[in-house]
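Notes for the structure review
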Amino acid sequence: MSKRTLVLGLLVVVLGAIGYFGYGMLTESEAEQQAQTRQQSFPTGVLQTTGGGTFEFSSVPQDRPVVLMFFSPTCPYCQEETAEIVQHGKLPQDATILMVSTFARNDLQTYADQFGLGDFQNIRVLRDFGGSLFQQFGVQSVPYTIVYDSSHNYVRAFRGKADVNRLYAAVTSPESVQPGPAQ
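Residues numbered from 1 in each chain as written. Predicted model: local features only at pLDDT ≥ 70, side-chain atom pairs only at ≥ 80, totals over all residues. Heavy atoms only, no water.

So, on to the environment of Val100. When you line up the elements, Val100 lands in strand 4 (residues 96-101). Taking the C-alpha atoms as reference points, Val100 and Phe71, 29 residues apart in sequence, are found 6.1 Å from one another. In this structure Val100 touches Leu47, Leu68, Met69, Phe70, Phe71, Leu126, Asp128, Leu133 and Phe134, once residues within four positions along its chain are discounted. (Helix = DSSP H or I, 4+ residues; strand = E, 2+ residues; numbered from the N terminus. Contact = heavy atoms within 4.5 Å.)

Written out as structure tokens, the structure reads:
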């Protein structure tokens, strides 16, 4: 085999790899854009409560902002964000907080009990059985938090643990927040 053939073969392999990974990145980017577009609309459908009942997104009153937090009971960042929300005081009073997970109901109830979430009228812990809402919104890691204004219009998303003060600012002054991809 000549040196020229070897170099040409190597060039073909490198260009093929670049094309393959480039296509994968483009496809991933398109999927992320589609998920962000779906997040612009307030969720619909039904989830399960920790008590085994059902929760319909259509039942959320349109008189207060909504914080939709995707979480896992075993995630330390989710635990920190939850503790900060509870300790903030005003956030759980001024917004409806919907905490969504795919974990079993008893795990979610234990989590709610651990953080005293049952003491808050405006916090609901919900089970996304099968992960359909996670999939629809393109949530690949937790915590992932989305804020909607009192008319259920998208305000902003937080990827990773949200700073509670920035989260509260998005709730109380949505007009000052630049909507865009999750930060």
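Here we take up the sheet that holds strand 4. As summarised here, the arrangement of the 7 strands in space is 2-1-5-4-3-6-7, forming an open sheet in which the pairing is mixed. Of all the strands in the sheet, the pair left with one neighbour each is strand 2 (54-56) and strand 7 (154-159). In this sheet, adjacent strand axes meet at a mean angle of 30° when their direction is disregarded. Judged from the 5 bridges that link them, strand 4 and strand 5 (residues 123-127) form a sheet pairing that is parallel. Residue pairing across strands places Ser101 opposite Arg127, the latter belonging to strand 5. Relative to the sheet, helix 2 (residues 76-88) contacts strand 3 (66-70), strand 4 and strand 6 (144-148), its axis offset from that of strand 3 by approximately 155°. Lying on the sheet, helix 6 (residues 164-172) is in contact with strand 3, strand 6 and strand 7; it crosses strand 7 at an angle near 170°. (Pairing = 2+ DSSP bridges. Axes fitted to C-alpha atoms, helices over the stretch in contact; angles between N-to-C directions.)

A word on the side chain of Ser101. With respect to the secondary-structure elements, Ser101 resides in strand 4. Residue Ser101 is classed as buried on the basis of its relative accessible area of 0%. (Buried < 20%, exposed > 50% of the residue type's maximum accessible area, 1.4 Å probe, protein only.)

Our focus in this paragraph is the packing of aromatic side chains. Geometry of an aromatic ring pair is reported as the spacing of the ring centres plus the angle between the planes. Taken as a whole and assessed by the stated rule, the structure comprises 8 aromatic pairs. For the pair Tyr148 and Tyr154, a centre-to-centre distance of 6.4 Å together with 80° between the ring planes defines the contact as edge-to-face. The pair formed by Tyr148 and Tyr154 is uniform in burial state, with each residue classed as buried. One aromatic cluster is present, formed by Phe42, Phe55, Phe57, Tyr148 and Tyr154 through successive ring pairs. (Phe/Tyr/Trp six-rings, centres within 6.5 Å; stacked < 30°, edge-to-face > 60°.)

Moving on to helix 6. For helix 6, the full list of buried residues reads Val164, Leu167, Tyr168, Ala170 and Val171. Along the axis of helix 6, the buried residues cluster in a sector spanning 155°; they form a single face. Residue Asp163 occupies the N-cap position of helix 6, its side-chain oxygen lying 3.1 Å from the main-chain nitrogen of Asn165. (Arc of directions from axis to C-beta. Polar contact = N/O pair within 3.5 Å; in protein donor to acceptor, adjacent residues only side chain to side chain.)

In the structure shown here, the tally under the stated rule is 1 salt bridge. The shortest N-O distance in the salt bridge between Lys161 and Glu84 comes to 3.1 Å. One end of the pair, Lys161, is in the loop between strand 7 and helix 6; the other, Glu84, is in helix 2, with 77 residues separating them in the sequence. A relative accessible area of 31% places Lys161 in the partly exposed class. Since its relative accessible area comes to 26%, Glu84 is described here as partly exposed. (Salt bridge = Lys/Arg side-chain N within 4 Å of Asp/Glu carboxyl O.)

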